[in-house]
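For reference, the chains in residue letters:
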Amino acid sequence: MVHNRHPLDSSVRLTPLSELVDHYDGLLCDIWGVIHNGGAAFNDAVDALCRTRAGGRFVILITNAPRLSKDIYPQLARFGVPREAFDTIITSGDVTAHLVADQPDLPLFHFGPARDQSILEGLANPIVGISDAKLCLLTGPLDDTIETVEIYHSLLKEMRDNAVEMICANPDLVVRSGKRMVICAGSIAQYYRQLGGTVAFAGKPEPAIYRESLKRAATLMGRDALKGRLLAIGDGLPTDIKGAADNGFDAYFVAGGIHAKEFGPLNVADNAVKAVSNIKNRFIGLNLVGVCDQLVWN
């Protein structure tokens, strides 16, 4: 793949989005941690996306939200993200629904809060309790206040003993909600795998959500979409940045999200250099074209 920009080198500095977008046809942008914090939009990020679209480029929001994309549109509106900021949304919930639909006869247990139940819409699987399940659709913790996955040890052990296959609709381990770090489905799935359970992951960094992104991009442009002409933006190293690296997209890292404590503010020069070095060492072959504390236009 031919890259549009040279990767960041030793002269690391914070790069505003305006210096990057001319090299791309569109953006694959994460949502939580990049354009809102779980309660309100980041105005500068919204402005940057609106300017991107005003300049003739598209914005596809790709998120590990374990719900169908139709539920994310009104949520973004409530948080203050205008419809002008993006073209379309793809969720890990969308991808998960397709994975479950391929096994319509298996009794299904939904492991997650009631707000995620839209993901069950249209599925032919019989919905059952844990003791009768052969397939578990995991969307998140039953209680957002839990601080450790071990609280579900006995439930997960029962699932493992019954050979229940788990499909994790949100590979995120944690997310920042306001000032709190909240455990996500990925942490539960990881623990289930450690117990010996079988787990399949949907969403970033897995390929399926990126394949769907390429299809959407092609539809928006009316021609085939090239990976080298799409920029992946996100704040999660194990999801957004790993996904870009594994699937061949250039990456733009937003450090002020879930890794804020790890790297500190990147407007401190040493922090930026250390962050870029750290990321490059973790993801060999990644084309990291920019870093920032928060997504901004200039």
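Values in this document were obtained by computation on a predicted structure and should not be read as measured data. Note that residues are indexed from 1 along each chain, following the sequence as it is written. Residue-level local features of this predicted model are given only where pLDDT is at least 70; pairs of side-chain atoms are given and counted only at 80 or more, and the full residue set underlies all totals for whole chains, interfaces and linings. Only hydrogens and water are set aside; all other atoms, that is, all heavy atoms of the structure, feed into the side-chain values.

Caption draft 1: Structural context of the sheet that holds strand β10 (residues 230–234). For two strands to pair, DSSP has to find at least two bridges joining them. Strands are runs of DSSP state E lasting at least 2 residues, helices are runs of H or I lasting at least 4, and numbering of each runs from the N terminus. With parallel pairing, the 6 strands of this open sheet are ordered in space as β3-β2-β1-β10-β11-β12. Each of the sheet's edge strands pairs with one partner strand only, and the pair in question is β3 (88–91) and β12 (288–292). Ignoring strand direction, the axes of neighbouring strands in this sheet form an average angle of 20°. The pairing of strand β2 (residues 58–63) with β3 spans 4 bridges and is parallel. Residue pairing across strands places T63 opposite T91, the latter belonging to β3. The criterion used for residue contact is that any of the two residues' heavy atoms lie within 4.5 Å. Lines fitted to C-alpha atoms define the axes, with helix axes restricted to the stretch in contact, and inter-axis angles between N-to-C directions lie between 0 and 180 degrees. Of the strands in this sheet, β2 and β3 are in contact with helix α3 (residues 92–101), which crosses β3 at around 55°. Along the sheet, helix α6 (residues 207–221) contacts β1 (26–29), β2, β3 and β10; its crossing angle with β2, the most-contacted strand, is approximately 160°.

Caption draft 2: The arrangement of the pattern of salt bridges in detail. Between Lys or Arg on one side and Asp or Glu on the other, a salt bridge is scored when a side-chain nitrogen of the former is within 4 Å of a carboxyl oxygen of the latter. For the structure on display, the rule yields 15 salt bridges. A salt bridge links D87 to R53; the nearest nitrogen and oxygen atoms lie 2.9 Å apart. Taken together, the positions of D87 in the loop between α2 (72–79) and β3 and R53 in helix α1 (residues 43–54) put the pair 34 residues apart, joining distant regions of the chain. A simple rule labels every residue: compare its accessible area, found with a 1.4 Å probe on the protein chains alone, to the largest value its type can have, and call it buried under 20%, exposed over 50%, or partly exposed in between. Judged by its relative accessible area of 28%, R53 falls in the partly exposed class. Each member of the salt-bridge network shares a partner with another, and the members are D25, R223 and R229.

Caption draft 3: Summary view of the packing of aromatic side chains. Each pair of aromatic rings taken from Phe, Tyr and Trp, with Trp reduced to its six-membered ring, is defined by centres within 6.5 Å and is described as stacked if the planes are under 30 degrees apart, edge-to-face if over 60, and tilted in the remaining cases. Summed over all chains, the structure comprises 5 aromatic pairs. Arranged with centres 5.8 Å apart and planes meeting at 45°, the rings of Y73 and F86 form a pair that is tilted. Residue Y73 is located in helix α2, and its partner F86 is located in the loop between α2 and β3; the two are separated by 13 residues in the primary sequence. When its relative accessible area of 2% is taken as the criterion, F86 is described as buried. Seen from their ring centres, F111 and Y152 are 5.1 Å apart, and the 85° between their planes marks the pair as edge-to-face. With F111 in strand β4 (residues 108–111) and Y152 in the loop between β5 (135–138) and α4 (153–161), this pair connects stretches of sequence that are 41 residues apart. The two residues F111 and Y152 agree in class, both being buried. Members of the aromatic cluster, joined through ring pairs, are F109, F111 and Y152.

Caption draft 4: Region of interest: the side chain of T239. The residue T239 is located in helix α7 (residues 237–247) in this model. Ignoring any residue separated from it by four or fewer positions in sequence, one finds T239 in contact with N64, P171, D172, K204, P205 and Y210.

Caption draft 5: Up close: unusual backbone geometry. The omega torsion of the bond from K204 to P205 falls at 10°, within 30 degrees of zero and hence cis. You can see P205 is positioned in the loop between β9 (198–201) and α6. Positioned with a positive phi, A163 is a non-glycine residue whose angle comes to about 55°.

Caption draft 6: Molecular detail of α3. When you tally the buried positions in α3, you get 7 out of 10 residues, the bulk of the element. Residues S92, G93, D94, V95, T96, A97 and V100 constitute the buried set of α3. Buried residues belonging to α3 abut β2, β3, β4, β5, β6 (165–168) and α6. By the N-cap criterion, in which a side-chain oxygen at the helix start approaches the backbone nitrogen of a residue two or three places on, α3 is capped by T91, the distance to G93 being 3.2 Å. Counted as a polar contact is a pair of N or O atoms within 3.5 Å, where, for protein atoms, one must be capable of donating a hydrogen and the other of accepting one, and residues adjacent in sequence contribute only when both atoms are in side chains.

Caption draft 7: Up close: the sheet that holds β5. With respect to topology, 4 strands assemble into an open sheet ordered β4-β5-β6-β9, the strand pairing being parallel. Of all the strands in the sheet, just β4 and β9 have a single pairing partner and so form its edges. Ignoring which end each strand starts from, the neighbouring axes of this sheet average 25° apart. Where α4 meets the sheet, its contacts fall on β4, β5 and β6, and the angle it forms with β4 comes to roughly 160°. With respect to the sheet, helix α5 (residues 185–194) is in contact with β4, β5, β6 and β9, its orientation differing from that of β9 by roughly 150°.

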